[in-house]
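Structural overview for review
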Amino acid sequence: MRRLLTDPDPASAEPPSGAPDVDLDEAYAYPAEAARSSFVRSNFVCSADGAAEVGGRSGPLGGPADRRVFQLLRWLSDVVLVGAGTARHENYGAVVVPAERRERRRAAGLAEVPPVAVVTASAGLDPAARLFAVEVRPIVLTCAAAPPERRAALSAVADVVVCGEQTVELVPALAALAERGLTRVLTEGGPTLHAQLGAAGLLDELCLTVAPLLAGPGRIGIGQGQPWAGPVAMRLVHLLTEDDSLFLRYRRA
Ligand SMILES: NC(=O)c1ccc[n+]([C@@H]2O[C@H](COP(=O)([O-])OP(=O)(O)OC[C@H]3O[C@@H](n4cnc5c(N)ncnc54)[C@H](OP(=O)(O)O)[C@@H]3O)[C@@H](O)[C@H]2O)c1
């Protein structure tokens, strides 16, 4: 991978622009404060014309380099946070962490494997889904209005946390994760959850892969839901490239 642009902050110790063989661990390291309080990073892949899905899946958008970044961001996180739509559409399973990475995580004071946390108002998740047949118990963040029998069924396979009445309130949801020591939050969306995090001012970073594809009209982008009151300004931390894809890391300005 090559670096096209680097953090313009003169205090930054980044290597010079254009340097090949970027150290991705360094490029995507969480800031120090993320160990102390919730820091929410999102990771998305989209086509050059802004689509976040093709045929309801993100898989057709990502190539090998995107998959490397996708995995690395998981390995750097304390928890992978997703909306139930993404968990269902993408048939989510466990985060896969190879032995060498487990060791690095342990040495860095992280759990060997980050749990997946799913946000759902309906609690409409199948307890027999592969998401729940995993080494680390997932967390289900739901609300009081979710049908009690569904909550009870999920309690057998996950830690179920109620964070709100009719919907999941995202501030208490992040607080519930932080109480468990899960402050380096990686959200993989989807677009509905992503837009709410952004609207609430809870999104600290966006890691975006732009794939060299045109998906055509009628596709969902990386934000879905109600229009925001105004745009949220971001600053570019880095821009990497491999195989005609762009890898952007933005931080909230
Ligand atoms: N390109 C990418 O990187 C990428 C990443 C992720 C997803 N996607 C694509 O995005 C599509 C899915 O989009 P989506 O917008 O449906 O995904 P989503 O945001 O993951 O899921 C929406 C669902 O999450 C739950 N939810 C979200 N916010 C909530 C809140 N505040 N309180 C309670 N529940 C909440 C609800 O679940 P319940 O219905 O259970 O109540 C809601 O229906 C798929 O096609 C997927 O492939 C693409």
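Not measured: the values here are computed from a predicted model. (Residues numbered from 1 in each chain as written. Predicted model: local features only at pLDDT ≥ 70, side-chain atom pairs only at ≥ 80, totals over all residues. Heavy atoms only, no water.)

Some thoughts on the pattern of salt bridges
What the rule picks out here adds up to 16 salt bridges. Between Arg101 and Asp25 there is a salt bridge, with the nearest N and O atoms lying 2.8 Å from each other. A residue pair is termed long-range when its members are at least 10 positions apart, and Arg101 in helix α4 (residues 99-107) and Asp25 in helix α1 (residues 24-27) qualify at 76 residues. Judged by its relative accessible area of 8%, Arg101 falls in the buried class. Glu112 is paired through a salt bridge with Arg102; the nearest N and O atoms lie 3.1 Å apart. Of this pair, Glu112 sits in the loop between α4 and β4 (116-119) while Arg102 sits in helix α4, and the two are 10 residues apart along the sequence. Residue Glu112 is classed as partly exposed on the basis of its relative accessible area, which comes to 30%. Each of Asp25, Glu100, Arg101 and Arg104 takes part in a single network of salt bridges with overlapping partners. (Salt bridge = Lys/Arg side-chain N within 4 Å of Asp/Glu carboxyl O. Helix = DSSP H or I, 4+ residues; strand = E, 2+ residues; numbered from the N terminus. Buried < 20%, exposed > 50% of the residue type's maximum accessible area, 1.4 Å probe, protein only.)

Observations regarding the packing of aromatic side chains
Tallied over the full model, the rule gives 1 aromatic pair. Arranged with centres 5.9 Å apart and planes meeting at 80°, the rings of Tyr30 and Phe39 form a pair that is edge-to-face. On the basis of relative accessibility, which here comes to 2%, the residue Phe39 falls in the buried class. The positively charged end of Arg41 is found above the aromatic ring belonging to Tyr30, 4.2 Å away from the centroid. (Phe/Tyr/Trp six-rings, centres within 6.5 Å; stacked < 30°, edge-to-face > 60°. Lys NZ or Arg CZ within 6 Å of the ring centre and 35° of its normal.)

Some remarks on the site of the ligand
If you check the shell around the ligand, you find 27 residues, and the closest are Ala52, Glu90, Thr120, Thr192 and Gln196. Contacts to the ligand include Ala84, whose backbone N or O atom sits 3.2 Å from an oxygen atom. Coverage of the ligand by the protein amounts to 87% of the 920 Å² it exposes when considered alone. Among the elements that line the shell around the ligand, the one with the most residues is helix α3 (residues 84-89), at 5 residues. Broken down by class, the residue content of the shell around the ligand amounts to 9 nonpolar, 13 polar and 5 charged. Of the residues that make up the shell around the ligand, three or more belong to each of domain 1 (41-77 + 186-253) and domain 2 (78-183). (Near = heavy atom within 4 Å. Polar contact = N/O pair within 3.5 Å; in protein donor to acceptor, adjacent residues only side chain to side chain. Areas by Shrake-Rupley, 256 points an atom, 1.4 Å probe, with all protein chains shown as cover. Nonpolar A, V, L, I, M, F, W, Y, C, P; charged D, E, K, R; others polar. Domains from an automatic or database assignment.)

Remarks on helix α7 (residues 191-199)
Among the residues of α7, those classed as buried are Pro191, Leu193, His194, Ala195, Leu197 and Gly198. The inward-facing, buried residues of α7 contact β2 (39-47), β3 (79-83), β4, α6 (170-179), β7 (184-187) and β8 (205-211). Looking at the residues trailing α7, positive phi occurs at Gly201, about 70°. (Contact = heavy atoms within 4.5 Å.)

Some remarks on α4
Every buried residue of α4 is listed here: Arg101, Arg102 and Arg105. An end-on view of α4 places all buried positions within 105° of arc, on one side of the element. Among the exposed residues of α4, those oriented more than 90 degrees off its buried face are Ala99, Glu103 and Ala107. The inward-facing, buried residues of α4 abut α1 and α2 (64-76). Where α4 ends, the next residue or the one after it, Gly109, has phi of about 85°, a positive value. (Arc of directions from axis to C-beta.)

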